[in-house]
There are 2 protein chains.
Amino acid sequence: MLREVFSIFTCVAWVGFAIYLSPWMKDISNEVEAYNATTFQYPVPLSTHNEEHTRLMQNLQRSNGKWDSNHPRHRLLTALYGYTSYKDKNLAEVNRWRNLYKNVSKQQRTLLESTVHYTRKLNTIEHLLDTNNELAKSIVDHGLWFYNISQSELDEFIKESESQKRSADKTSVSQGMKHFVRDWADEGHEEREQSFGCILKSLAQTPRTTDRPLRVLLPGAGLGRLAHEVDNLGGFDVTMNEWSTYMNLAYRYVSSRSVPNSVPFHPYIDWWSHHATTEDLQRSITFPDQVIRPSSVLLIEGDFTTVFAEHTGQYDILVTLFFIDTARNLVTYLETIHRLLRPGGRWVNLGPLLYGTAPFVQLSLDEIVALSESIGFEFQETDPSVGDITVPGLQVRGLDVAYGRNARGLNKNAYQAQYWEAVKR
Amino acid sequence: MLREVFSIFTCVAWVGFAIYLSPWMKDISNEVEAYNATTFQYPVPLSTHNEEHTRLMQNLQRSNGKWDSNHPRHRLLTALYGYTSYKDKNLAEVNRWRNLYKNVSKQQRTLLESTVHYTRKLNTIEHLLDTNNELAKSIVDHGLWFYNISQSELDEFIKESESQKRSADKTSVSQGMKHFVRDWADEGHEEREQSFGCILKSLAQTPRTTDRPLRVLLPGAGLGRLAHEVDNLGGFDVTMNEWSTYMNLAYRYVSSRSVPNSVPFHPYIDWWSHHATTEDLQRSITFPDQVIRPSSVLLIEGDFTTVFAEHTGQYDILVTLFFIDTARNLVTYLETIHRLLRPGGRWVNLGPLLYGTAPFVQLSLDEIVALSESIGFEFQETDPSVGDITVPGLQVRGLDVAYGRNARGLNKNAYQAQYWEAVKR
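Remember, predicted model here, so these are calculated numbers, not experimental data.

Chemist: Looking at this structure, I do not really get the environment of Arg98(B). What am I missing?
Modeler: Residue and element names in this part refer to chain B. Of note, Arg-98 is situated in helix α5 (residues 86–101). When the C-alpha atoms of Arg-98 and Tyr-118 are compared, they prove to be 9.7 Å apart, with 20 residues separating the residues in sequence. Those residues within four positions of Arg-98 in sequence are excluded, and the remaining contacts are Thr-119, Leu-122, Asn-123 and Glu-126. A polar contact of 2.8 Å, which involves the side chain of Arg-98, links it to the side chain of Asn-123.

What follows is the structure, given as structure tokens:
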């Protein structure tokens, strides 16, 4: 129902829509069908966003269901607590390093101070933490405003959490902030090119008209760069979905920035491994590399398997990027993807098979293909330029893709991510 | 002192020494200077090995120092406890997976059973655990014999550990056993080629005579393949060192095998992520790909920074492969490397900078170079074929190297490992 309102709106909206391809998409831009587009201005489907905002606010009400750690407001407050604790948590780690340094003999310390100025390095990092803390505070402030939560409610929640020994999650905050690099900084360019390339190429080649834009859903969208890139191709009506409140807070923040590269921070100061130089470790990154039009992509927050209960058969394309292995119940993920697609609709996947700590099932690639076929998917031939077939006889291609990598770092971790396209029978 | 005895012995020993290059060394074999070698038989410097064995046995005495978790015998018994617990620990994990599977709905289970036979997969894994447990038991049996420890002492130790809630270390056992693949199975070929290649090439080109073999020390040698490859080049007197009792038990076991590829096991059944097929997950690997002459390389067990107290200036070459970032005190590692080399001796390094959980200092590459120069090393120009210079102005080259990777797995984790050669001033 919600989608139908959006659809009517967007039929009008797309008429004046412009193709916008980011610089790294240049190589495939010639394959995108042309629109008679003259301007970046286009009517925003505000009513849909407003409707979703209303639903979100209702969901966040304390009175909505049981008040426990799974409650959407509880989860949001937990993430706000995490970002609020940025400095405390990271300062504690630097202090741990200072204490570890005391185990070095006096003579060795003299040598370290004269050659690499180790204490100065520790001091500098402590100073740079302030810049990152400014960002974390801004994320919290914007989040409080966006989700209409008072500072006093958050303060109360933090007090309660601390009295119950629930510690702020340093890792999730760090991961959320590192995603600014992956999704919205120049430095993430190569990583995005690797992982978005085959998906965008496939979507760009999909026949579509401005009269009836194709509805695309991206679950597990993180900070939303791919969703916005799909939107930029034109002719798509894009919905993204993310469960992590850490990611959602970061996305709400980055999409509120109106000046390119206006936010500086130091993404690599919290992990001292794999650095060629200390300058690399301490360097500043700015974002967003381009201003985001949040109104052009609809973010629906929540659990992918339940939040789209009323969207059965409403999507032409589902794009899962680094997503399916995040499932506790992988079968439910696959069934949901199938249910949300219209008959003949297409599922495009790229990602690794790295299961979490307590997945209900852990399947090999061949088993995922067999299961997906049973659920009602038909795997399609894909472009050999994507990569080689991983298992003879299966229409799945492997390609090496990095994720959240420090571009100047000395670790080269990557996945042989698996790419496929499957059609709902 | 100990080394001088060895030296006299080996002068004789090397005369009849044969060059043995494993198949993957073929491409560099033409650069190795020729020895007039006709046979693989050569006198073994037994007295040195015997001396070291005596020292080891003395160290392992309970009466040697304080009896706590740092005592060599305590550490050895802990590792024996780990291997003894292989089946219990892994069975517990499979049972956890069985219980997680119960969270899947009845309808989904029906689908999973008909398409991917999930219960059969769990049952098969449980069956294959028995093969791995046979290996773990053999490692324990050989260890008890080699270190002259009675089963009843181990039983008593295990009883005591369990009563004190000290759990067996599943991860260290799994890592130890996976090293059979990295070091001593055909499957590890490519990984060894990547990481050993530049080191062996450099050593093979080093002028040496059969009269005075060069003394090489490899700390952190793991299961010893590189040490034995250096030995196979001829003209080297090789000592390896390893601190991990899990590794040492595995090395003692593998070097006791007299039939190539006679030990089968399933190295990948304990982690279900990143598999293309379930067949890959369950496949059997055999080792050793070649029979090891343990007497040709001397293993000195223990802490690198203390166990070589009497070896100052005794080595011509020190090779550190994936080693320096394992230090708690990196400065002490560098000082020890410097101390053990003779003036003009060479340090050859390849490895990442992945610091552990509580290192006293964490240095960037540029800082390691500066510190090493202060300690008394001069970095040398190296062959551009190794890789590109990592930081302009520093004689350090980066090359992508995997470590402990499943050759058929879908994860492609690698390090941009750093290669350098430095001479002791």
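The structure having been displayed, the exposition proceeds.
Chemist: Before we go on, may I ask you to explain the interface of chain A and chain B in this structure?
Modeler: The accessible area lost on association of the parts is a frequent measure of interface size. Contacts between chain A and chain B engage 57 residues on the former and 57 residues on the latter. For the chain A and chain B pair, buried surface summed over both sides reaches about 4700 Å², with 56% attributable to carbon and sulfur atoms. Its largest share of buried area at the contact with chain B, chain A owes to Phe360(A), Gln362(A) and Leu410(A), together 13% of the area lost on that side. On the surface where chain A and chain B come into contact, there are two salt bridges. Two residues, Glu367(A) and Lys121(B), come together in a salt bridge whose shortest N-O distance is 2.6 Å. At the junction of chain A and chain B, the tally comes to 36 residue pairs in polar contact (both at pLDDT 80 or more). Elements supplying a minimum of two residues to the side of chain A that touches chain B: α5 (86–101), α6 (106–115), α7 (118–146), α15 (330–340), α16 (365–375) and β11 (414–424) of chain A. By residue number, the principal contributor to the side of chain A that touches chain B is α16(A), which donates seven residues. Classifying every residue of the side of chain A that touches chain B gives 29 nonpolar, 20 polar and eight charged.

Chemist: Just to check I follow, could you spell out the relation of the copies chain A and chain B for this structure?
Modeler: Note that the two copies of the chain are related through a rotation about an axis and a translation along the same axis. Each copy superposes on the other: chain A lies on chain B with an RMSD of 0.0 Å after a rotation of 180 degrees and an axial shift of 0.0 Å. Taken together, the rotation angle and the small translation identify this as a two-fold axis. Among all residues of chain A, the minimum C-alpha distance to the rotation axis is found for Asn413(A), at 2.1 Å. Taken as a fraction of all interface residues of chain A, those also at the interface in chain B reach 100%, which identifies the copy contact as same-surface.

Chemist: Explanation requested: the packing of aromatic side chains in the structure shown.
Modeler: Pairs of aromatic rings are described using the distance from one ring centre to the other and the angle between the two planes. Applying the stated criterion to the full structure yields 42 aromatic pairs over all chains. When the centroid spacing of 6.3 Å and the interplanar angle of 90 degrees are considered together, the rings of Phe308(A) and Tyr315(A) count as edge-to-face. Classification of Tyr315(A) as buried rests on a relative accessible area of 0%. Centre to centre, the rings of Phe304(B) and Phe323(B) are 5.4 Å apart; their planes meet at 85 degrees, and the pair counts as edge-to-face. With Phe304(B) in helix α14 (residues 304–307) and Phe323(B) in the loop between β6 (315–321) and α15 (330–340), the pair connects residues that are 19 residues apart, well separated along the chain. Phe323(B) shares its class with Phe304(B); the two are buried. Following the ring pairs from residue to residue traces out a cluster consisting of Phe304(A), Phe308(A), Tyr315(A), Phe323(A) and Tyr333(A). The ring of Trp67(B) is capped by Arg62(B), whose NZ or CZ atom sits 4.1 Å from the centre of that ring. Seen from the ring of Phe322(B), Arg182(B) lies directly overhead, with NZ or CZ sitting 5.5 Å from the centre.

Chemist: Would you mind going over the pairing of strand β2 (residues 236–242) of chain A with me for this structure?
Modeler: Side-chain direction in a regular strand flips from residue to residue, so the side chains alternate between the two faces of the sheet. Residue and element names in this part refer to chain A. Burial analysis of β2 places seven of its seven residues in the buried class, which makes it a mostly covered element. Side chains Phe-236, Val-238, Met-240 and Glu-242 project from β2 onto one buried face, and the interleaved Asp-237, Thr-239 and Asn-241 project onto a second face that is buried too. Once the chain exits strand β1 (residues 214–219) it traverses helix α11 (residues 225–233) before rejoining the sheet at β2, and the crossover so formed is right-handed. Across four bridges, β2 lies against strand β5 (residues 298–301) in parallel orientation. Paired with Met-240 across the bridge in β5 is Leu-299.

Chemist: Is there a simple way to explain the pattern of salt bridges in this structure?
Modeler: Should their charged atoms come close, side chains of opposite charge can pair. Applying the stated criterion across every chain, the model contains 44 salt bridges over all chains. A salt bridge links Glu134(A) to Lys137(A), with the shortest nitrogen-to-oxygen separation between them at 3.9 Å. Of this pair, Glu134(A) and Lys137(A) both sit in helix α7, separated by three residues, roughly a single helical turn. Lys137(A) sits in the partly exposed class, given a relative accessible area of 45%. One salt bridge in this structure joins Arg408(B) and Asp280(B), with 2.9 Å as the shortest N-O distance. Of this pair, Arg408(B) sits in the loop between β10 (397–402) and β11 (414–424) while Asp280(B) sits in helix α13 (residues 278–282); the two residues are 128 residues apart in sequence, bridging distant segments of the chain.

Chemist: Teacher, can you tell me more about the environment of Phe180(B) here?
Modeler: Residues and elements named next belong to chain B. Looking at the secondary structure, you find Phe-180 in helix α9 (residues 170–184). Take Phe-180: its relative accessible area is 0%, and that puts it in the buried class. Considered as a pair, Phe-180 and Met-247 are 67 residues apart in the sequence and their alpha carbons are 9.8 Å apart. Those residues within four positions of Phe-180 in sequence are excluded, and the remaining contacts are Leu-135, Ile-139, Ala-185, Leu-223, Ala-250, Tyr-253, Val-254, Phe-265 and Phe-287.

Chemist: Teacher, can you tell me more about α5(B) here?
Modeler: Side chains of residues three or four places apart in an α-helix project in the same direction, reflecting 3.6 residues per turn. Residue and element names in this part refer to chain B. Over its 16 residues, α5 extends 23 Å from the first C-alpha to the last, a length consistent with the 22 Å expected when each residue adds 1.5 Å. Along α5, the residues classified as buried are Tyr-86, Asn-90, Val-94, Trp-97, Leu-100 and Tyr-101. Within α5, the buried residues cover an arc of 115 degrees as seen down the axis, which keeps them to one side. Along its buried surface, α5 packs onto α4 (72–84), α6 (106–116), α7 (118–146) and α9.

What counts as what
- Residues numbered from 1 in each chain as written.
- Chains lettered and ligands numbered in written order.
- Predicted model: local features only at pLDDT ≥ 70, side-chain atom pairs only at ≥ 80, totals over all residues.
- Heavy atoms only, no water.
- Helix = DSSP H or I, 4+ residues; strand = E, 2+ residues; numbered from the N terminus.
- Contact = heavy atoms within 4.5 Å.
- Polar contact = N/O pair within 3.5 Å; in protein donor to acceptor, adjacent residues only side chain to side chain.
- Buried area = accessible area lost by both parts, 1.4 Å probe.
- Salt bridge = Lys/Arg side-chain N within 4 Å of Asp/Glu carboxyl O.
- Nonpolar A, V, L, I, M, F, W, Y, C, P; charged D, E, K, R; others polar.
- Least-squares fit on C-alpha atoms with pLDDT ≥ 70 in both.
- Phe/Tyr/Trp six-rings, centres within 6.5 Å; stacked < 30°, edge-to-face > 60°.
- Buried < 20%, exposed > 50% of the residue type's maximum accessible area, 1.4 Å probe, protein only.
- Lys NZ or Arg CZ within 6 Å of the ring centre and 35° of its normal.
- Right-handed = clockwise from strand over helix to strand, strands pointing away.
- Pairing = 2+ DSSP bridges.
- Expected span 1.5 Å × (residues − 1).
- Arc of directions from axis to C-beta.

Geometry only, nothing functional implied.
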